[in-house]
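What the coordinates show
What follows is each chain in one-letter form.
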Amino acid sequence: MKRHIVLVMATRIMVPFILIFSLYVLAHGEISPGGGFQGGVIFAAGWILYSMVFGKEEFYRRISRNMLLAFTAIGVMIYTLVGYVSMFNGGTYLEYAKLPGLDMKTGNSIGLLLIEIGVFITVFSVMLLLFFEVGKKDG
Amino acid sequence: MVDIINFIVGKYNYIIAIILMLIGLYTTIVNGNLFKKVVGLNILSTSIILFYISISKVKDGSAPIYSENVIRYDNPLPHVLMLTAIVVGVAVTAVALSIIIKINEFYGTVEEDEIVNYNQRSVKDREENEF
Amino acid sequence: MSFNYNLNLPALVIVVPLVSSMIMVLVGIFNRKLVSYIFQLVAILTAIFSYHLILKVYNEGAIRYFFGNWAAPIGIEYHVDMFNAFCILVLSLIFAVMSFYFPKVVIKEIPKEKSHIFYAVTTLFMTGLLGITITGDLFNIYVFMEIASITAYALIAIGGKKESYVSSFNYLVLGTIGASFVVLGIGYLYMATGTLNLLDMQQRLVPMYDSKIVMVGAAFIFVGLSMKMALFPLHSWLPGAYADSPSPVSALMSATSTKVMAYVMVRFMYSVFTTSFDIKVLPVMDILFYMSIAAVISGSFLAIGQDNIKKMLAYSSVGQIGYIVMGATMQSSAGMIGGLYHFMTHAILKGGLFLVVGVIFYNMTTVKIVDLKGLYKKMPFTSFAFLIFALGMIGIPTTAGFISKWYLVKGALETGKIVGAVGILLSSLLTAIYFWRVVDNIFFYKPEGNIERLKEPLSLMIPTYALAFATFIFGVYPYQVIDYLEKVAKILMEIGK
C-alpha cells in the first residue's frame with residue numbers, strides 16, 4: 001500500500017500529542033471536564049489514527065490482541081482493587097478516606113485518580129478492541 | 001391559540017425529546033434493514049440523553065465546574081448519569097454491529113424479510129429431503 | 001482498622017463476581033482449564049455471601065449499605081430488606097447449582113477458544129442480575145439491567161448457531177427499547193422528585209401522586225419492564241432467545257433473567273409507588289392482573305403447538321412469568337406469597353427442565369419432541385428427572401408447583417377475583433397437555449432403531465437431581481419459606497398505608 005507522505009508525516013507528528021493530551025485529560029478529570037472515560041477515548045483515537053495510516057498489523061506488532069484483552073481486565077481490576085483495599089482497611093467499598101496512609105482530602109483526590117486510571121485503561125483497550133474486531137474483514 | 005403557543009414554547013425540550021424518540025422507534029420498527037434498526041436505536045437513546053440534559057438546566061446556571069465568580073450551577077447529576085448511558089449505548093451498538101456482521105456472514109444479507117425467507121426456504125428444503 | 005465482613009456483605013455479593021469475571025478473562029489467556037474452577041468457586045462464594053446476607057437481614061432487619069460512605073440521597077445505596085434478600089438467595093443458589101453443570105456442556109457447545117470468555121460473561125451476567133436485585137438506587141437499576149442484557153445478547157449468540165444471531169438481534173432491539181422506556185420513566189420521576197434513591201423517592205412521591213409527570217413516568221416504567229420480562233403481548237423476543245441459545249445459557253437465563261425483571265416491577269409497584277398510588281391515580285395493578293391472566297393462558301396455548309422442546313419450554317416461561325405478576329398484582333397477602341413462592345419454584349423447575357434438555361442435547365444433539373421416542377430406555381435417569389419437573393410444572397401435590405398455585409388460587413378467591421382462579425386452573429390443564437405430549441413420547445413409545453444406554457455423566461446428573469430434590473423439599477416442607485414470605489408480603493403491603 002502506497003502512503004502519501006503528508007499523511008504519514010502528519011500522523012507521526014500528531015499521534016504523540018494526542019496521546020499526551022489524553023493523559024492530561026485523565027489527570028485533570030477531578031477538577032475540570034475530563035476524566036478516565038474521555039481520556040481513554042482520546043488515547044484510543046490516537047492509536048486508531050495510527051493504525052488507520054500504518055495498518056492494523058503495524059499496531060498489533062506493538063500490542064498483541066491478548067494484551068489488549070488483558071488490559072480490559074486489568075483496568076476493571078484496578079478499579080475494584082481500590083474498593084477492596086478500602087474495604088479491607090475497615091471502611092466500606094470505595095471509601096477513599098480509608099485508603100492506607102490517606103485522609104479524607106488526599107484520599108478523595110488520589111483514590112479518584114486511581115479509579116480514573118483503571119477506567120482509562122479499560123476504555124482505551126475496549127475501544128481499540130471494538131475498532132479492530134468489528135472492523136476486521138474475515139469475521 | 002395563545003395557550004398552545006405558550007405550551008409549545010415553554011416545553012419545547014420535552015416535545016423535541018419525544019419527537020426524536022418516536023422517530024427512533026419508527027425507524028426501528030418499520031425498517032427491514034438491520035443497520036437502520038441500529039440507527040433507530042441510537043436515535044432513541046440520544047433522545048433520552050437530550051431529555052436528561054435538558055432537565056438538568058437551571059435558570060441562569062453555569063456549567064457545573066467550580067469557579068470563583070459563579071453563583072448558580074446547573075445540576076451535574078444528570079450529566080453524570082448520561083455519561084453512563086452513553087457508554088451503555090456504545091456497548092449496545094458494538095454488540096449489535098458485531099451480531100449484524102455475523103448475520104451477514106451466515107445469511108448473506110442484512111434485510112429482515114430476506115432472512116425470514118431464508119429460514120422458511122431452509123425448512124421447506126429439509127421437508128422435501130425427508131420425503 | 002480491619003476488614004468488617006458483616007458490614008460489607010451487600011457489596012461483596014456484587015463485587016466478588018464482578019472482579020472474578022475479570023480475573024477469568026486474565027487467567028483464560030494463559031490457562032483455559034483453570035477458568036471453570038474459578039467459575040465454580042465464585043458461584044459458591046456468592047451463594048455463601050447471600051446466605052449470610054439473608055440471615056443478617058432476618059435477624060437484624062433491613063440493611064442500608066452506602067458506597068464510599070456517602071449517605072443516602074447523595075451516594076449510591078444498596079438496600080437489602082427481606083424481600084430482595086430472598087430473591088438474591090434464590091438467584092445465587094441457582095447459579096451455584098448450575099455452575100457444576102456447566103463445564104461438561106460448555107466443552108460440547110461453546111467453541112473452545114471462547115470458553116473462558118463464556119465463563120467471564122456468564123459471571124458478569126449474574127453480577128448484573130444480582131445488582132438489579134440488591135441496589136436501592138433507580139439509575140443503578142438501569143445500569144445493572146443493561147449489564148445483564150448486553151451480556152445476555154452476547155451469551156445467546158456465543159454458540160455460533162445461525163439462528164441464534166437473529167434471535168439475539170431481536171432480543172437486542174426489544175430489550176434496548178424496553179430499557180430506554182425504563183430509563184425515560186426514571187428520568188420523569190427524577191424530574192418530579194429530584195432524587196434517585198428508592199426510599200427517598202418513595203417519601204417524596206407521596207404528595208405528588210396527582211402530578212402528570214409521575215403518571216407518565218410510571219407508565220413508561222411499567223411498559224418498559226413488561227417488555228423486559230416478556231409479559232404476554234410483548235413476549236416475541238423470548239422464544240427465540242431461549243430456544244436458539246446454547247443449553248447452559250438457556251438454563252441459566254430461563255431460571256433467572258425474566259424473574260428479576262418481575263422483581264423490579266414489584267419493587268416499583270410497592271416500594272416506589274406504594275399501593276395508594278395504585279388506588280388513587282393509575283390502576284396499574286388491575287391492568288397488569290388482567291394482562292397476566294392473558295399471559296398465563298396464551299403462553300400455555302402457544303406452548304402446545306411447538307415441536308421443539310426448547311421452544312415449548314420458552315413459551316411455557318411466558319405463561320409462568322404471568323403467575324408471578326398475577327400474584328404480585330392481586331393485592332392480597334396470599335397472592336403475594338404465591339407469586340414470590342413461584343419466583344423460587346419456577347427458577348427451580350424451569351432451570352431443571354432446561355438442564356434435562358441440555359443432557360438430552362448433549363447425547364443426541366436434538367431438541368425435537370418426535371426424536372425423544374423411547375428415551376426412557378436410553379436415558380432412564382434423565383427421563384425420570386424430566387417427569388419430576390413436568391409434574392412440578394403442572395402442580396401435582398407434593399411438588400413445589402402445587403404450593404405456589406395453591407396460594408395463588410387462595411389469593412384470587414380471597415379478593416373475589418374469580419377470573420384469576422379460573423385462569424390458573426385452565427393454564428394448569430394446558431400445562432398438563434403440553435407436558436403430556438413429551439412424557440408420552442419419552443415413556444410410552446417404542447424407540448426407533450437400536451436401543452443402547454447413552455452416557456449420563458454424573459456431573460450433569462447431580463445438579464439436575466439437586467433441583468429435582470428441591471422440587472419435592474419445597475413441595476412437602478414449605479412452612480419455613482412460607483413463614484418468611486408471609487412477613488415479606490406483610491411488609492410490602494403495609495408500605496404507604
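Residues numbered from 1 in each chain as written. Chains lettered and ligands numbered in written order. Predicted model: local features only at pLDDT ≥ 70, side-chain atom pairs only at ≥ 80, totals over all residues. Heavy atoms only, no water.

**What about the overall build of chain C?**
The number of helices and strands found in chain C is 20 helices and two strands. For a compact globule of 497 residues, the expected C-alpha radius of gyration is about 23 Å, and chain C comes in at 22 Å, within 12% of that figure. Judged by the C-alpha coordinates and their principal axes, chain C covers about 70 × 60 × 40 Å. Within chain C, buried positions represent 68% of all 497 residues. (Helix = DSSP H or I, 4+ residues; strand = E, 2+ residues; numbered from the N terminus. Rg over C-alpha atoms; globule rule 2.2 N^0.38 Å. Buried < 20%, exposed > 50% of the residue type's maximum accessible area, 1.4 Å probe, protein only.)

**Some remarks on the overall build of chain B**
Helix and strand counts for chain B come out as five helices and zero strands. For 131 residues, the compact-globule formula gives about 14 Å, and the C-alpha radius of gyration of chain B, at 23 Å, lies well above that figure. With respect to the principal axes defined by its C-alpha atoms, chain B has extents near 80 × 40 × 15 Å. Here chain B holds 131 residues, and 31% of them are scored as buried. Put simply, 40% of the contacts in chain B that link residues at least 6 apart link residues at least 24 apart. Surface accessibility of chain B: about 8,100 Å² in total, with carbon and sulfur atoms responsible for 64%. In chain B, 10 positive and 13 negative side-chain charges are present, and the distance between their average locations comes to 7 Å. (Contact = heavy atoms within 4.5 Å. Areas by Shrake-Rupley, 256 points an atom, 1.4 Å probe, with all protein chains shown as cover. Lys, Arg positive; Asp, Glu negative; His and termini not counted. Charge placed at Lys NZ, Arg CZ, Asp CG, Glu CD.)

**Observations concerning helix 5 (residues 138–157) of chain C**
Residues and elements named next belong to chain C. Its 20 residues give helix 5 an end-to-end C-alpha distance of 29 Å, which sits within 8% of 28 Å, the value for a rise of 1.5 Å per residue. A large share of helix 5 lies buried, amounting to 18 of its 20 residues. With a side-chain oxygen positioned 3.2 Å from the backbone nitrogen of Phe139, the residue opening helix 5 is Asp137. (Expected span 1.5 Å × (residues − 1). Polar contact = N/O pair within 3.5 Å; in protein donor to acceptor, adjacent residues only side chain to side chain.)

**Some points on the interface of chain A and chain C**
Facing the 21 residues of chain A at the interface are 24 residues of chain C. For the pairing of chain A and chain C, the buried interface totals around 1,900 Å² over both sides, and the portion due to carbon and sulfur atoms is 75%. Area buried by chain A at its contact with chain C is led by Met87, Thr92 and Tyr93 of chain A, which between them contribute 26% of it. Where chain A meets chain C, there are zero salt bridges. Where chain A touches chain C, the interface holds four residue pairs in polar contact (both at pLDDT 80 or more). Top contributing element to the side of chain A that touches chain C by residue count: helix 4 (residues 65–88) of chain A, with 12 residues. Residues of the side of chain A that touches chain C, tallied by class, amount to 11 nonpolar, eight polar and two charged. (Buried area = accessible area lost by both parts, 1.4 Å probe. Salt bridge = Lys/Arg side-chain N within 4 Å of Asp/Glu carboxyl O. Nonpolar A, V, L, I, M, F, W, Y, C, P; charged D, E, K, R; others polar.)

**Side note on the environment of Phe472 of chain C**
Residue and element names in this part refer to chain C. With respect to the helices, strands and loops of the structure, Phe472 is situated in helix 19 (residues 458–476). Each C-alpha atom of the pair Phe472 and Gly401 lies 9.4 Å from the other, and the pair is 71 residues apart in sequence. What Phe472 contacts, discounting residues up to four positions off in sequence, is Ile388, Thr398 and Thr399.

**Overview of the side chain of Thr11 of chain A**
Residue and element names in this part refer to chain A. Checked against the element boundaries, Thr11 lands in helix 1 (residues 5–27). Here the side chain of Thr11 touches Leu7 through a polar contact of 2.6 Å, landing on its backbone oxygen. Ignoring sequence-local partners within four residues, the contact set of Thr11 consists of Pro16, Leu49, Tyr50, Val53 and Phe54.

**Remarks on a nonpolar patch on the surface**
Residues and elements named next belong to chain B. On the surface, Met1, Val2, Ile4, Ile5, Phe7, Ile8 and Val9 cluster together into a nonpolar patch covering about 740 Å² of accessible area. Along the chain, Met1 turns up in the segment before helix 1 (2–10). A residue is classified by how much of its surface remains accessible, and Met1, at 73% relative accessible area, is exposed. (Patch = residues over 30% accessible without salt bridge, like charges linked within 9 Å, V, L, I, M, F, W, Y side chains within 5 Å.)

**Some thoughts on the UniProt feature "transmembrane region" (unreviewed entry) in chain B**
All names here are of chain B. Here, the residues flagged by UniProt with the feature "transmembrane region" (unreviewed entry) are residues 12–31, 38–55 and 80–101. Helix makes up 100% of residues 38–55 and strand 0%, with an end-to-end C-alpha separation of 26 Å. Helix makes up 100% of residues 80–101 and strand 0%, and the two end C-alpha atoms of the span are 32 Å apart. (UniProt positions renumbered as here; feature names shortened; annotations may be inferred.)

**Re the packing of helix 4 (residues 115–134) of chain C against helix 5 of chain C**
Residue and element names in this part refer to chain C. The N-to-C vectors of helix 4 and helix 5 enclose an angle of 150°; their axes lie 8 Å apart at closest approach. As the angle between them shows, helix 4 and helix 5 are arranged roughly antiparallel. Handedness of the helix 4/helix 5 crossing: left-handed. On helix 5, the residues touching Phe118, Val121, Thr122, Leu124, Phe125, Thr127, Gly128, Leu129, Gly131 and Ile132 of helix 4 are Ile141, Phe144, Met145, Ile147, Ala148, Thr151, Ala152 and Leu155. Of the residues in the contact of helix 4 with helix 5, the class split is 13 nonpolar, five polar and no charged. (Axes fitted to C-alpha atoms, helices over the stretch in contact; angles between N-to-C directions. Parallel < 35°, antiparallel > 145°, perpendicular 65-115°, else oblique. Left-handed = near helix turned anticlockwise from the far one by under 90°.)

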